[in-house]
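Take a look at the letters that make up each chain.
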Amino acid sequence: MNRLEVKDLTVTFPTADGLVQAVRGVSFELEAGKTLGIVGESGSGKSVTMQTIIGLTRGARVSGQALFEGQDLLAMKSDDLRHVRGAEISMIFQDPLSSLHPYYRVGWQIVEMIRAHQEVSARAARLRAVELLRLVGIPQPERRVDDFPHQFSGGMRQRAMIAMALANNPKLLIADEPTTALDVTVQAQIIDLMQSLQKELGTTIIMVTHDLGVVADIADKVIVMYAGRAVEEADRRTLFYRAHHPYTRGLMGSLPGKGGTRERLNPIAGQPPSLIRIPSGCPFHPRCPFVMDRCLREEPPLLDVGTEEGHQSACWLPPDLVGFDRQVDARRWTAAEADRTGRARVLAKGRALTAEPAS
Amino acid sequence: MGAFLVRRVLFGLLVLWIISVVVFVMFFVAPHDPARLLAGRQATASEILAIRHNLGLDRPILEQYGSWVWKLVHGDLGFSYRGSVPVRDLLGSRIPVTASLAFGAAVIWLVIGVGAGVLAAIKPRTIADRLVTFFALFFYSMPTFLLGLFFLFFFFFKLYTAGFHLFPGSGYVNLKDDPLGWADHLILPWFALALVTAAVYSRLTRGTMLDVLGEDYIRTARSKGISEGRVIVRHALRSALTPVVTQFGIDLGALLGGAIVTENVFGLPGLGQLAVQSISDQNLPVIIGIVIVASLFIVVANMCVDLLYAVLDPRVRLT
Ligand SMILES: Nc1ncnc2c1ncn2[C@@H]1O[C@H](COP(=O)(O)OP(=O)(O)OP(=O)(O)O)[C@@H](O)[C@H]1O
Ligand code: SF4
Ligand SMILES: [Mg+2]
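Trainee: Please provide a residue-by-residue account of the domain arrangement of chain A, values included.
Mentor: All names here are of chain A. What the domain assignment lists for chain A is domain 1 (1-88 + 170-272 + 298-359) and domain 2 (102-166). The interface formed by domain 1 and domain 2 holds 0 salt bridges in total. Scanning the region where domain 1 abuts domain 2 turns up 3 residue pairs in polar contact (both at pLDDT 80 or more). Per-element tally for the side of domain 1 that touches domain 2: the top contributor is helix 8 (residues 184-201), with 8 residues.

See below:
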């Protein structure tokens, strides 16, 4: 059975400016013991998706299902969900500097997590807290357990957050950009730590990240999100070598006319769309070098593409157009060209002009 | 923590010393002839001479200051002109009244102010929030003496004429002698004094609570699966209390000022009433005594607030 199965998750926030459609029909499955990577630009709905699953989004309209071992988390009473949260599913957040309570000792905060879900004495919980700190590589844990968060460095605080998240041996660990706020060497250490803990404990992990290196290191499967939707989904290798969606390629810095490393998510020309007024048709069309007429009118559904099992993409380009090489670029270009009838408007988008194929 | 304590106490002593100098200069050096001031209007020349000698005004200033402070720290504040009672005894009989009033009012203002603020913050833009805002504005725009008069009119006069002797219109009984009577005499003054500030505190608490509730560590707390009540009290309120405590330290002076007004409205025989009386009598030793007691109270109370602050925020302790 899948550990987690999200079906058609939709989250909207009513605000003074209008409805913010943060998540628009996201579905995915995750097997026990595997790692799912979720990537996408800022504002694509990654955090909202994760926080909604464990009932942390407030003031939102939510629909869809999130089946955790067959039980729909979104339909649970808040008290029942509370017993799952922190015990069976736990979460690590982006900014370890602000995610721990500044007024309580690190040990106290871990003990609180333990005692929220287990009937153990304060003493036993404290011993366990020390043990957890040791597990995540805090030196002299017997002493540091009584430190306040501000006595810890950023990396140590994230380690402490991980220790807290693992306190009740969760089945699913959701890490929302756990390394973004840390410097590079520390990032690598934290990812190593999570990898080795996963091997040891067999935890299922969802890793939200901006860092394609992280995805390349640990994800079994990757979902690319754009404007509240999953626009491409594939196993790690397929995503890196045989991507289909122009947005995915943009993230990897290999859009025509652009160089770039494959390490970090590359900035793509143009802005992510407003989630109150999402562009018609394919939401990526204002920034897409391959935009075709059809893209302006109809939103592409997430369909099987390429040859790999489970590779899906939401793009009107021909489904066999996967991969990075220039030939594919040329074919993509022709495919887009062929569809183009009202070309003036489209070509005026600038990006399209720079995307001339190098014949 | 130890070093912090020592530093804070030393600072308090420094402030007290400065106050003693200011009071001394104000009452004994600056007046053209303190003896005449002290003797009152109808004093004869020989009386003034005697007073001058008694006060040691014919001695060098530093010596005068030294002996004044010496007496002060031994609790010798001289005698009141009215009935020649030692000022110390006079103050001693008044302090419990003012302390009861101020302490009770402070408790009520904190409980109501913080409670209403928290309520409004956890249910923003609901009826509860709007009600809190409405009452806060209402009491905020209501001076203490006016509120006191309203209370007297409705809860004393109206009830009394209707045959209910629920609240007395004035007076005070000792806590030791009759705890219920004590509370009964103080309940109207307490609320008259507390509600105005409670209104301010409900706004302050609501604002800081809303800020804190948006913090990342509150999201972390919720992700732990602890009850929402625990998230609000142990995690959010704990942080929101720090600015409230800071504000409370600032407002202690206002508390004393409010107590003076309230005592006079409700006929409570406390320091405030004594202060007003002594000023109109030009009863200088008593006025000096009250100034000293009031300063002492504010300095000590501020010290307590700072210590409380250090207990609340571990980052203060370590610096
Ligand atoms: N409580 C809320 N009310 C209104 N809009 C919200 C709320 N929470 C999130 N949003 C909006 O939902 C969108 C998605 O936000 P989300 O935090 O999921 O993005 P993200 O993909 O995690 O981005 P980042 O990489 O910056 O973390 C954003 O446009 C954000 O402004
Ligand atoms: S559907 Fe069209 S606009 Fe959208 S990504 Fe594909 S080619 Fe670009
Ligand atoms: Mg996010």
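Now, onward.
Trainee: Please give an account of the domain arrangement of chain B that cites residues and values.
Mentor: Accessible area lost during the coming together of the parts is what is often quoted as the interface size. Residues and elements named next belong to chain B. Domain annotation of chain B identifies domain 1 (2-73) and domain 2 (90-313). For domain 1 versus domain 2, the distance between C-alpha centres works out to 33 Å. Listed per partner, the contact involves 16 residues of domain 1 and 15 residues of domain 2. Both sides of the domain 1 and domain 2 interface together cover about 1,400 Å² of buried area, and 84% of this is carbon and sulfur. For the pair domain 1 and domain 2, the interface holds 1 salt bridge. Between Arg8 and Asp306 there is a salt bridge whose closest N-O contact spans 2.3 Å. When residues of the side of domain 1 that touches domain 2 are assigned to their parent elements, the largest contribution, 11 residues, is made by helix 1 (residues 2-29).

Trainee: Quick rundown of the sheet that holds strand 11 (residues 303-304) of chain A? Include the residues and the values.
Mentor: The strands making up a sheet are joined through hydrogen bonds of the backbone, oriented either antiparallel or parallel. Residues and elements named next belong to chain A. Read across the sheet, 8 strands follow the order 6-7-8-3-9-10-12-11 without closing on themselves; strand pairing throughout is mixed. The sheet is open, and its two borders are formed by strand 6 (89-92) and strand 11, each paired with just one other strand. Pairing analysis gives 4 bridges linking strand 3 (residues 35-39) to strand 9 (residues 221-226), with the strands arranged parallel. Note on strand 9: the bridge partner recorded for Val39 is Val224. Strand contacts of helix 7 (residues 154-165): strand 6 and strand 7 (172-176), with the helix running at about 175 degrees to strand 6, the strand carrying the most contacts. The strands touched by helix 8 within the sheet are strand 3, strand 6, strand 7 and strand 8 (204-209), with strand 8 carrying the most contacts at an inclination of about 160 degrees.

Trainee: Now, about the site of ligand 1: what can you tell me, with residues and values included?
Mentor: All names here are of chain A. Looking at ligand 1, there are 15 residues lining it, with Ser42, Gly43, Lys46, Ser47 and Val48 nearest. Contact distances for ligand 1 include 2.9 Å between an oxygen atom and a side-chain N or O atom of Lys46. Here an oxygen atom of ligand 1 sits 2.6 Å away from a polar atom, N or O, in the side chain of Ser47. Starting from 640 Å² of accessible surface for ligand 1 in isolation, the protein chains cover 65%.

Trainee: Which residues make up the site of ligand 2, and what values go with them?
Mentor: In the vicinity of ligand 2, the contacting residues are A:His245, A:Pro246, A:Cys282, A:Phe284, A:His285, A:Cys288, A:Phe290, A:Cys295, A:Pro300, A:Cys315, A:Trp316 and A:Leu317. A molecule is said to occupy a pocket when more than half its atoms come within 2 Å of that pocket's grid points, and by this definition ligand 2 occupies the largest cavity.

Trainee: Mind laying out the interface of chain B and chain A, listing which residues take part and the relevant values?
Mentor: Taken together, the contact between chain B and chain A spans 23 residues of the former and 27 residues of the latter. Carbon and sulfur atoms supply 54% of the area buried between chain B and chain A, which totals about 2,400 Å² over both sides. On the chain B side of the contact with chain A, B:Arg219, B:Ser223 and B:Lys224 bury the most area, a combined 26% of that side's loss. Where chain B meets chain A, there are 3 salt bridges. Taking the shortest distance from any N to any O, the salt bridge between A:Glu112 and B:Lys224 comes out at 2.7 Å.

Trainee: How would you explain the packing of aromatic side chains if you had to name every residue and give the values?
Mentor: Centre-to-centre distance and the angle between the planes together describe a pair of aromatic rings. What the rule picks out here adds up to 19 aromatic pairs over all chains. Where B:Tyr65 meets B:Trp68, the ring centres are 6.3 Å apart and the plane angle is 40 degrees; that geometry is what we call tilted. Separated by 3 residues within a single helix, B:Tyr65 and B:Trp68 lie in helix 4 (residues 61-73), roughly one turn from each other. Here B:Phe155 and B:Phe167 contribute two aromatic rings whose centre-to-centre distance is 6.3 Å and whose plane-to-plane angle is 85 degrees, an arrangement assigned as edge-to-face. Residue B:Phe155 is found in helix 7 (residues 144-161), and its partner B:Phe167 is found in the loop between helix 7 and helix 8 (179-213); the two are separated by 12 residues along the sequence. Clustering of aromatic rings is evident, with ring pairs tying together B:Phe134, B:Phe135, B:Phe138 and B:Phe139. Over the face of the ring belonging to A:Trp316 we find A:Arg294, whose NZ or CZ atom lies 3.6 Å from the ring centre.

Trainee: Let's hear about helix 11 (residues 271-281) of chain B: which residues, and what values?
Mentor: Residue and element names in this part refer to chain B. Regarding helix 11, the residues found buried are Leu271, Gly272, Gln273, Leu274, Ala275 and Ser278. In this structure, the buried residues of helix 11 make contact with helix 5 (87-122), helix 10 (228-266) and helix 12 (284-312). Immediately beyond the C-terminal end of helix 11, within one or two residues, lies Gln282, with a positive phi of roughly 55 degrees.

Trainee: Lay out the sheet that holds strand 4 (residues 61-68) of chain A with the relevant residues and their values.
Mentor: Residue and element names in this part refer to chain A. Pairing in this open sheet of 4 strands is antiparallel, and the strands run 2-1-4-5 from one edge to the other. Looking at strand neighbours, the two that pair on one side only are strand 2 (18-31) and strand 5 (71-72), the edges of this open sheet. Sheet contacts for helix 1 (residues 46-53): strand 1 (2-15), strand 2 and strand 4; angle to strand 1, the most-contacted strand, approximately 115 degrees.

Trainee: Describe in detail the pattern of salt bridges, supporting the description with residues and values.
Mentor: All names here are of chain A. For the coordinates displayed, the defined rule picks out 23 salt bridges over all chains. Glu142 is the partner of Arg134 in a salt bridge, and the nearest nitrogen-oxygen pair spans 3.3 Å. Judged by its relative accessible area of 45%, Glu142 falls in the partly exposed class. Sharing partners across several salt bridges, the network here consists of Arg3, Glu69, Glu88 and Lys171.

About the criteria used
Residue positions are given per chain, counting from 1 as you read along its sequence in written order. Here the convention is simple: chains get letters from A, ligands get numbers from 1, in the order in which they are written. For a predicted model such as this one, the threshold for reporting local features is a pLDDT of at least 70, and the threshold for listing and counting side-chain atom pairs is 80 or more; totals across whole chains, interfaces and linings nevertheless cover every residue. The side-chain figures draw on all heavy atoms in the structure; neither hydrogens nor water molecules are used. Residue ranges assigned to the domains are those given by an automatic or database domain assignment. By convention in these notes, a salt bridge is any Lys or Arg side-chain nitrogen within 4 Å of a carboxyl oxygen on Asp or Glu. Any N or O atom pair separated by 3.5 Å or less is treated as a polar contact, with the protein-specific requirement of one donor-capable and one acceptor-capable atom, and with residues adjacent in sequence counted only for side-chain atom pairs. Elements are defined by DSSP. Helices are runs of H or I of four residues or more, strands are runs of E of two residues or more, and each kind is numbered from the N terminus. In this description, contact between two residues means that some pair of their heavy atoms is separated by no more than 4.5 Å. By definition, the buried area sums, over both parts, the 1.4 Å-probe accessible area that each loses when the two are put together. DSSP bridges decide pairing: two strands pair if at least two such bridges lie between them. Here an angle of 0 to 180 degrees is reported between the N-to-C directions of two axes, which are lines fitted to C-alpha atoms, with helices fitted over the stretch in contact. Throughout, the term near means that a residue has one or more heavy atoms lying within 4 Å of the molecule or strand in question. Reported accessibility uses the Shrake-Rupley method at a 1.4 Å probe radius. Residues are deemed covered only where the shown protein chains occlude them. Method remark: on a 1 Å grid restricted to protein atoms, a set of points is classed as a cavity if a 1.4 Å probe fits but cannot get out and as a pocket if it is open with protein on both sides within 12 Å along at least five of seven lines; lining residues have an atom within 4 Å of a point. Assignment of a molecule to a cavity or pocket requires that more than half of its atoms lie within 2 Å of the corresponding grid points. The rule is short: rings of Phe, Tyr and Trp, with Trp giving its six-membered ring, pair when the centres are within 6.5 Å, and they are stacked under 30 degrees, edge-to-face over 60, tilted in between. Charge-over-ring placement is defined geometrically: NZ (Lys) or CZ (Arg) within 6 Å of the ring centre, and within 35 degrees of the ring normal. For the exposure calls, accessible area comes from a 1.4 Å probe over protein chains only, and a residue counts as buried if that area is under 20% of its type's maximum, exposed if over 50%, partly exposed in between.

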